[in-house]
Amino acid sequence: MLVAENLGFAYASQEPVLAQVTFSVAASRMTAVVGRNGAGKSTLLRLCNGLLTPSTGCVLVDGVDTRSVPASNLAKVVGTVFESPEHQFFKAQVAEEVSFGPKQLGLNHRQVTQRVTEALARTGLQEFASVHPLDLDRTSQRFVALASALVMKPRLLLLDEIQQGMDALAVRRLETLLSEEKAAGVAVVFVCHDMEFVARNSDDVLLFHGGQLLSADSPMVVFSASTLLQNAGLAAPECLQLSSRLGLRPALYPKHLVVSWRHYLSGTDPTKSDSEAQRERILKFPSASKDGEPS
Amino acid sequence: MRLWSATVAPLVVALVILHGWLLHAPDMTVWGALRWSRVGLEAAARTSGRISLLLASSLLMLVTTHPSQMVKALDAEGVSPGLSYLIASPLLLVESFAEKAHAIRDAQRARGLAIEGPLWKHPTTLVAVLVPLVVFGLDDAHRRSAALTGRAFRALSRRTVLGCPSDSRHGPLVRWLLLAAAVLQGGLALWH
Amino acid sequence: MALIEVRDLEFHEHGREVLSGISLSIEEGQRVAILGGNHSGKTALARWLAGWLPAHSTVARSGSVTFQGQAWSELPLAERASAVQLVGQVPFQQLSGREFTVRDEIAFGPGNLALDPREIHRRVEHVMTLCGLDSLADRDPYTLSAGEQQMVVIANALAMNPRVLVLDEPTASLDPQSAECVWRVLSGLSTCTTIVLFDVSPRAAVRMAHRFLFLREGRFIADGSAEDVLLHPLAISSLGLPPTAEAAWLAKQEQVWALGVGTPFTVDGAVTAFREVERARR
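None of the values given here were measured: they were computed from a predicted structure.

Some points on the overall build of chain B
Thought 1: Across its full length, chain B holds six helices and two strands.
Thought 2: Starting at the N terminus and ending at the C terminus, chain B contains elements arranged as α-β-β-α-α-α-α-α.
Thought 3: Relative to the 2.2 N^0.38 estimate, which gives 16 Å for 192 residues, the radius of gyration of chain B is 25 Å and therefore markedly larger than a compact globule would have.
Thought 4: Reported as C-alpha extents along the three principal axes, the dimensions of chain B are approximately 65 × 60 × 30 Å.
Thought 5: Taking as baseline every contact in chain B between residues at least 6 positions apart, the subset at least 24 positions apart corresponds to 51%.

This is the structure:
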C-alpha cells in the first residue's frame, strides 16, 4: 500500500531532514514511526500524503507516485490526522465538518448522510453532531479529525500523535477503531512518542534518528536492540525494561511478563507451554499446591 | 537605501505620470506623442518629496531602533504597557501566525481541498484557510490575555524595566527643536 | 491555616456543571497530584486554585477558594500573581508576546511587580540557571522548540517566587525528552514551593507527588496515597495503570506475589518489588 524507495528530503538550502529511507507498509498492517523530535517523523508523513515532494527517491501510494498527483487528489486514498486538529475546523457543527470530505468527493446527499452518521457513531461523537468543533475538548477534537478522515474510507491512514492527551477510556476507543480499520484492510501509519501505545498496537516499528531509518522490524526486535534505541535517544516499553532488569524472558506486555515471572519463580522453562510446565512442576514438586508453588 | 529606493521609485513614477501627464493643467505642452505640464510636474515633485521624506525617516527609525528598545523606552517613560504591547506583539507573532497559516493550508489540502499554488487563485476556498486562522488568532488573544493577567500585567501603574536604553545628551533638546519646527511650519502653512 | 482552601466549590460553564462539591486543603510544602480523565474538570479546578478567576458572564458558582484565609477576589492582582503561578499545556500561548529575548521574557513578570532592578536581575539569573536556559538567554522565545518554550514558561512562573505552583498537564504537548527535562527541573524544586499537578496520566505524578486525588466528572472520588487512588477501580478505568503496576496486579491475581509488597508504579520501584517478592517466596 505504501512504499518508500531511497526517500530523501531537505528544505531549501538546509541539511537533509530524511536520507535514503526505504520501507514498505502493506494493507492491514499497523506501523509505528518512532524517534526523537527532529528525527524526521512528521516530515515522513507529509511526504506520504503528498504535501511535500521528495528531494530524492519516491513514495508510492497504492502504486501511484506522489510526485505525479496533487495532494488534494491523494486525499481520496490517504486520510491524515495531524497533531493539531483545530487547523482544519472551519464549519460551525461537527456533522458539517465531517461531511465536508464526502461532499468534495461528489457523493449525493443520502450517501453523505449515511457516511457521516456511521463515522460519528464509530468515533462516539453522535451527541456532539450539532456542537461547534472548537467548543469540544482536545480529545474530542482529535476524534472529529479522525472521523473526518475515516468518512473518506481511505486505504492508508496517517496519524500524527493522535493519542496525545487522551485518557485511558479514549485510548481504548481509539485502539478499537484502529483495529477495525486494520481488519478492513487499511494500512495505518502512526507517529507516536508513547512506547506503551506502540507496543500494544503496532505490527511493525520504524525507528528514526537524524533523518535515517535505523531499524524497521517488529516491536520486540526494535525495542530489544538496546544500542540502537540508546543512539536514537529512546527508552524501551516499561515491561521490556523490567523483564530485562529481572533477567526474565523479554516481555512487551504485563501478562507476558507475569508468565515469565511465574516460570522464573517455579524454575521451569519459559519456552514450554503452560501444560508442559504444569507437568514439570508436578514431577518436581509432587506435593505442590494448586498454583504450582512448593508447599 | 535599497528598500527606500525600491519603495519610492514606483511612487515617484506614478505621481509624475498622474500629475504631469494624465491630470489636465492650464499649461499643458505637447511634445511629440506626450503631453506634460510644468505645474503638474512641480506638484508631483512636492508630493514625491514629502512621501520620500516620511518613508526615509520611518525606515531610519526602524533600522536604528530595535523594537525591544522602543518598548523599553516607552515602559520607562510610563506610557501605558498596552501601547507597547501593541507595538511589539505583531512583530513577535507574525512569523508564528504565518507558520500557522501554512499548517492550516496543508491540513485542508490533505482533506481534498485543491489549493495548490497562491491562495488568490482559489478565492472560494479562502474561507477554509481564513476561518481557522482567525479563530486561532482570537483564541490565542484570549488565552494570552489570561496568561498576562496571571503574571500581573498592568497590575500596577508603573513597571520596572531592565536594560532600558539611555537618552543621548542632546536628544531631548533636538526633540523639542523638531517639535517647535513642526509647529512653526504648520503656522506658516496656515498664514499662506 | 491551609495555604489554599477550597470549600464546596461549584462551577458551571456554558450551562454545564464542571465542578461540584469540591473541597480541598493544600498545606505548605505539599506535593499534590490531582488526576482525572478527559472532561473531569482538571483545567477548571487548576484555574480556580491559581486565582485565574473566570469571566462572570459565563459562570454560576458557589463555594469559596481562599489563599491563607483570603478569597482570591479580595487580593489585588499583584499579590495573587506572587502567591500562585499556573503553568498550562501550550507554551506558545503563555509567553508574553512583547519581549524579544528569553532574559527579558523571564524579567517581564517581576517587572510588572515594580521590583527593584537588582532583585529582578537576581531572580532572572537564578531561574535561568535552574531551568538550564543560560545558553538561550538572548534568543527570541518564539524561535525556540516547544520543550524549550515550556521551560521558559516554567522559568517565568518561578521568577515570580510563588508560594504555590499549579501545573496543568505541563508536558501534554511535549516529546518525552523535553518532558523529562521539565520533570527533572520540577522534581528538583525546593520544598518551600508547594506544587499541585493536574494530569491525565499517573506516570509523572508518581515521581513527584506524595498525595493523590482522583477527579471524575467534577467530583473527587479518592484522596490518599498513590496506591489508594491509582488502584481505585474508577481511576483504573479512566487513567489506566502504569505497566509495572498492571504487572504487579496480574501477578497478585496469578498468586505469584507476596503479601505486604506494595504495588510499584515505576520501573525502579518494580525491580525492587519483584526482588522482594522473590526473597519472600524462596
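Section: helix α4 (residues 109-122) of chain A
Two residues of an α-helix separated by three or four positions point the same way, owing to the 3.6 residues in each turn.
All names here are of chain A.
Thought 1: Here α4 spans 20 Å end to end across 14 residues, near enough to the 20 Å set by a 1.5 Å rise per residue.
Thought 2: Turning to α4, its buried residues number three or more, namely Val 112, Arg 115, Val 116, Ala 119 and Leu 120. Buried residues in α4, looked at end-on, bunch into an arc of 130 degrees, giving them a common side. Those residues of α4 that are exposed and aimed more than 90 degrees away from the buried face are Arg 110 and Ala 121.
Thought 3: Where α4 is buried, its residues touch α3 (94-104) and α5 (138-150).

As for the pairing of strand β6 (residues 78-81) of chain A
Residue and element names in this part refer to chain A.
Thought 1: The alternating pattern of β6 places Val 78 and Thr 80 on one face and Gly 79 and Val 81 on the opposite face, and all of these are buried.
Thought 2: Where β6 lies against strand β7 (residues 156-160), four bridges are found, and the strand directions are parallel. Looking at the pairing, Val 81 lines up with Leu 159 of β7.

Some details on the packing of helix α3 (residues 102-112) of chain C against helix α4 (residues 117-130) of chain C
Residues and elements named next belong to chain C.
Thought 1: Contact pair α3 / α4: the axes reach a minimum separation of 9 Å and the direction vectors enclose 130 degrees. Classified by the angle between their axes, α3 and α4 sit oblique to one another. By crossing handedness, the relation of α3 to α4 is classed as right-handed. Contacts between α3 and α4 involve Arg 103, Ile 106, Ala 107, Pro 110 and Gly 111 from the first element and Ile 120, Arg 123, Val 124, Val 127 and Met 128 from the second.
Thought 2: Tallied by class, residues from the contact of α3 with α4 come to seven nonpolar, one polar and two charged.

Here we look at helix α6 (residues 168-183) of chain A
Residue and element names in this part refer to chain A.
Thought 1: End to end, α6 covers 22 Å across 16 residues, agreeing with the expected 22 Å (1.5 Å per residue, within 8%).
Thought 2: Among the residues of α6, Ala 170, Val 171, Leu 174, Leu 178 and Glu 181 are the ones counted as buried. Buried positions in α6, seen along its axis, are confined to an arc of 95 degrees and lie on one side of it. For α6, the exposed residues set more than 90 degrees away from the buried face come down to Thr 176, Glu 180 and Ala 183.

Topic: the interface of chain C and chain B
Thought 1: Taken together, the 30 residues of chain C in the interface contact 29 residues of chain B.
Thought 2: Elements that contribute at least two residues to the side of chain C that touches chain B include exactly α2 (77-83), β6 (84-87), α3 and α4 of chain C.
Thought 3: Split into classes, the residues belonging to the side of chain C that touches chain B amount to 18 nonpolar, ten polar and two charged.

Some points on the interface of chain B and chain A
Thought 1: The interface is formed by 17 residues belonging to chain B together with 20 residues belonging to chain A.
Thought 2: Contributions of two or more residues to the side of chain B that touches chain A are made by α4 (81-109) and α5 (126-150) of chain B.
Thought 3: In the side of chain B that touches chain A, the residues fall into eleven nonpolar, two polar and four charged.

Some points on the sheet that holds strand β8 (residues 187-191) of chain A
Residue and element names in this part refer to chain A.
Thought 1: Spatially, the six strands line up as an open sheet ordered β6-β7-β8-β3-β9-β10, and their pairing is mixed. Two strands in the sheet have a free side with no partner beyond their single neighbour: β6 and β10 (212-217). The sheet shows a mean angle of 15 degrees between the axes of neighbouring strands, taken without regard to direction.
Thought 2: The pairing of strand β3 (residues 30-34) with strand β9 (residues 204-209) spans four bridges and is parallel. Bridging across to β9, Val 33 finds its partner in Leu 206.
Thought 3: Here α6 sits on the sheet and contacts β3, β7 and β8; the angle it forms with β8, its principal contact strand, is near 145 degrees.

Notes on the sheet that holds strand β4 (residues 56-61) of chain A
All names here are of chain A.
Thought 1: The four strands are arranged β2-β1-β4-β5 in an open sheet whose pairing can be described as antiparallel. Since the sheet does not close on itself, it has two edges, and those belong to β2 (16-25) and β5 (64-65), each with one partner.
Thought 2: Sheet analysis places β4 next to β5, joined by two bridges and oriented antiparallel. Paired with Leu 60 across the two strands is Asp 65, which belongs to β5.

Concerning the pairing of β3 of chain A
Residue and element names in this part refer to chain A.
Thought 1: Burial of β3 is extensive: five of the five residues sit out of reach of the surface.
Thought 2: As paired strands, β3 and β8 are joined by four bridges and run parallel to one another. Considered in β8, the bridge of Thr 31 is made with Val 189.

So, the confidence of the model for chain A
Thought 1: For chain A, the average pLDDT comes to 90, and 91% of its residues sit at 70 or higher.
Thought 2: Long-range and interchain partners of residues 284-295 of chain A, a stretch whose pLDDT sits below 50, account for twelve contacts in this model, where long-range means more than four residues apart.

What about the environment of Arg 142 of chain A?
Residue and element names in this part refer to chain A.
Thought 1: Along the chain, Arg 142 falls in helix α5.
Thought 2: The class for Arg 142 is buried, based on 27 C-beta atoms found within 10 Å.
Thought 3: Excluding anything up to four places from it in sequence, Arg 142 contacts Val 81, Pro 85 and Ile 162.

Let's talk about the packing of helix α5 (residues 146-158) of chain C against helix α6 (residues 176-187) of chain C
The geometry of a pair of packed helices is captured by two quantities: the angle between their axes and the separation between those axes.
All names here are of chain C.
Thought 1: One way to put it is that α5 packs onto α6 with a least axis distance of 9 Å and a crossing angle of 20 degrees. The pairing of α5 with α6 is recorded here as roughly parallel in orientation. Considering only the axes of α5 and α6, their crossing is right-handed. Note on element contacts: α6 touches α5 through Ser 178, Cys 181, Val 182 and Val 185, opposite Ala 146, Gly 147, Gln 150, Met 151 and Ile 154.

What about the confidence of the model for chain B?
Thought 1: With 91% of its residues at a pLDDT of 70 or more, chain B has an overall mean of 82.
Thought 2: In the model output, the complex is listed with pTM 0.85 alongside ipTM 0.88.

Let's talk about the environment of Leu 60 of chain B
Residue and element names in this part refer to chain B.
Thought 1: Mapped onto the secondary structure, Leu 60 falls in helix α2 (residues 38-64).
Thought 2: Judged by the 11 C-beta atoms lying within 10 Å of it, Leu 60 is exposed.
Thought 3: It is 9.7 Å that separates the C-alpha atoms of Leu 60 and Met 1, two residues lying 59 residues apart in sequence.

Some remarks on the domain arrangement of chain A
All names here are of chain A.
Thought 1: Taken domain by domain, chain A consists of domain 1 (2-234) and domain 2 (237-295).
Thought 2: On a C-alpha basis, the centres of domain 1 and domain 2 stand 38 Å from each other.
Thought 3: Each partner contributes residues to the interface: domain 1 has seven residues there, and domain 2 has six residues.
Thought 4: Those elements that provide at least two residues to the side of domain 1 that touches domain 2 are α7 (195-201) and α8 (219-224).
Thought 5: If one sorts the elements of the side of domain 1 that touches domain 2 by residue count, α8 sits on top with four residues.

Looking at unusual backbone geometry
Thought 1: Its identity is not glycine, yet Ser 28 of chain A carries a phi of approximately 60 degrees, on the positive side.
Thought 2: Within the secondary structure, Ser 28 of chain A sits in the loop between β2 and β3.
Thought 3: A residue is classified by how many C-beta atoms lie within 10 Å of it, and Ser 28 of chain A, with 15 of them, is partly exposed.
Thought 4: Positioned with a positive phi, Ala 152 of chain B is a non-glycine residue whose angle comes to about 65 degrees.
Thought 5: Residue placement: Ala 152 of chain B occurs in the loop between α5 and α6 (171-191).

Conventions adopted
Residues numbered from 1 in each chain as written. Chains lettered and ligands numbered in written order. Predicted model: local features only at pLDDT ≥ 70, side-chain atom pairs only at ≥ 80, totals over all residues. Helix = DSSP H or I, 4+ residues; strand = E, 2+ residues; numbered from the N terminus. Rg over C-alpha atoms; globule rule 2.2 N^0.38 Å. Contact = placed C-beta atoms within 7 Å. Expected span 1.5 Å × (residues − 1). Buried ≥ 20, exposed ≤ 12 C-beta atoms within 10 Å, placed from the backbone. Arc of directions from axis to C-beta. Pairing = 2+ DSSP bridges. Axes fitted to C-alpha atoms, helices over the stretch in contact; angles between N-to-C directions. Parallel < 35°, antiparallel > 145°, perpendicular 65-115°, else oblique. Left-handed = near helix turned anticlockwise from the far one by under 90°. Nonpolar A, V, L, I, M, F, W, Y, C, P; charged D, E, K, R; others polar. pLDDT = per-residue confidence, 0-100. Domains from an automatic or database assignment.

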